[in-house]
Amino acid sequence: MLFISEALAQTADAAPAAAGGSAIFNIGFVLLLFVFFYLLMVRPQQKRMKEQQGMLDALSKGDKVITNGGLIGKITKVNDQDVEMEIATGVKVSVLRYSVYKKYDESEFAAKKDAPKKDTTKK
């Protein structure tokens, strides 16, 4: 005669059901991670790229811009692939359109100029 308690018998029958529920939980967790990754990484990057492309498409003669290399100048001519900009009186350079980082905003840099400077003298 084989003696098996009722509790052990119930546990043996419930084990396959628990394993199936665990697999669904794991798949759901992985899907949740993908959604989280998309919302925090991919979507903001796509938004920035769209804004950058809009800014590049809106470039026009007379705009003051900053290039990726750090040059600041005024646009004098706009072509399909490149722009000509004057970086000093009589000095014009041609740069690729996509190398323009952003439009120059003097107020953005004026606040940094007025910041108190560190005292480097030793006392």
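Calculation notes
Residues numbered from 1 in each chain as written. Predicted model: local features only at pLDDT ≥ 70, side-chain atom pairs only at ≥ 80, totals over all residues. Heavy atoms only, no water. Core = buried A, V, L, I, M, F, W, Y, C linked by side-chain atoms within 4.5 Å. Buried < 20%, exposed > 50% of the residue type's maximum accessible area, 1.4 Å probe, protein only. Helix = DSSP H or I, 4+ residues; strand = E, 2+ residues; numbered from the N terminus. Contact = heavy atoms within 4.5 Å. Polar contact = N/O pair within 3.5 Å; in protein donor to acceptor, adjacent residues only side chain to side chain. Salt bridge = Lys/Arg side-chain N within 4 Å of Asp/Glu carboxyl O. Patch = residues over 30% accessible without salt bridge, like charges linked within 9 Å, V, L, I, M, F, W, Y side chains within 5 Å. Areas by Shrake-Rupley, 256 points an atom, 1.4 Å probe, with all protein chains shown as cover. Pairing = 2+ DSSP bridges. Axes fitted to C-alpha atoms, helices over the stretch in contact; angles between N-to-C directions.

A. The nonpolar core, seen in detail. Grouped together as the largest cluster of nonpolar side chains are 9 residues: M55, L56, L59, V65, I75, V83, M85, V95 and V100. Looking at this core, the elements that each hand over two or more residues are helix 1 (6-57) and strand 3 (82-88). Ignoring anything within four residues of it in the chain, the contact list for M55 reads V100, Y101, K102 and K103.

B. Examining the side chain of D63 more closely. Structurally, D63 can be placed in the loop between helix 1 and strand 1 (64-67). Within polar-contact distance, the side chain of D63 engages the backbone nitrogen of S60 at 2.9 Å. Once you skip the residues sitting within four places of it in the chain, D63 turns out to touch A58, G73, K74, I75 and K103.

C. Focus on the pattern of salt bridges. One pass over the structure, following the stated rule, counts 2 salt bridges. We note a salt bridge from K103 to D63, for which the minimum N-O separation is 3.5 Å. Of this pair, K103 sits in strand 5 (residues 100-103) while D63 sits in the loop between helix 1 and strand 1, placing them 40 residues apart in sequence. Residue D63 is classed as buried on the basis of its relative accessible area, which comes to 15%. Linking E106 and K64 is a salt bridge whose minimum nitrogen-to-oxygen distance equals 3.7 Å. With E106 in helix 2 (residues 106-113) and K64 in strand 1, the pair connects residues that are 42 residues apart, well separated along the chain.

D. Inspection of a nonpolar patch on the surface at higher detail. On the surface, V35, F36, F37, Y38, L39, L40 and M41 cluster together into a nonpolar patch covering about 720 Å² of accessible area. Note on placement: V35 falls in helix 1.

E. Geometry of the sheet that holds strand 3. Taken in spatial order, the 5 strands of this open sheet run 4-3-2-1-5, and their pairing is antiparallel. Among the strands making up the open sheet, the edge pair consists of strand 4 (91-96) and strand 5. Shown here is a sheet whose adjacent strand axes are inclined to one another by a mean of 45°, direction ignored. Pairing geometry for strand 3 and strand 4, over 6 bridges, is antiparallel. Across the sheet, E84 pairs through a bridge with S94, a residue of strand 4.

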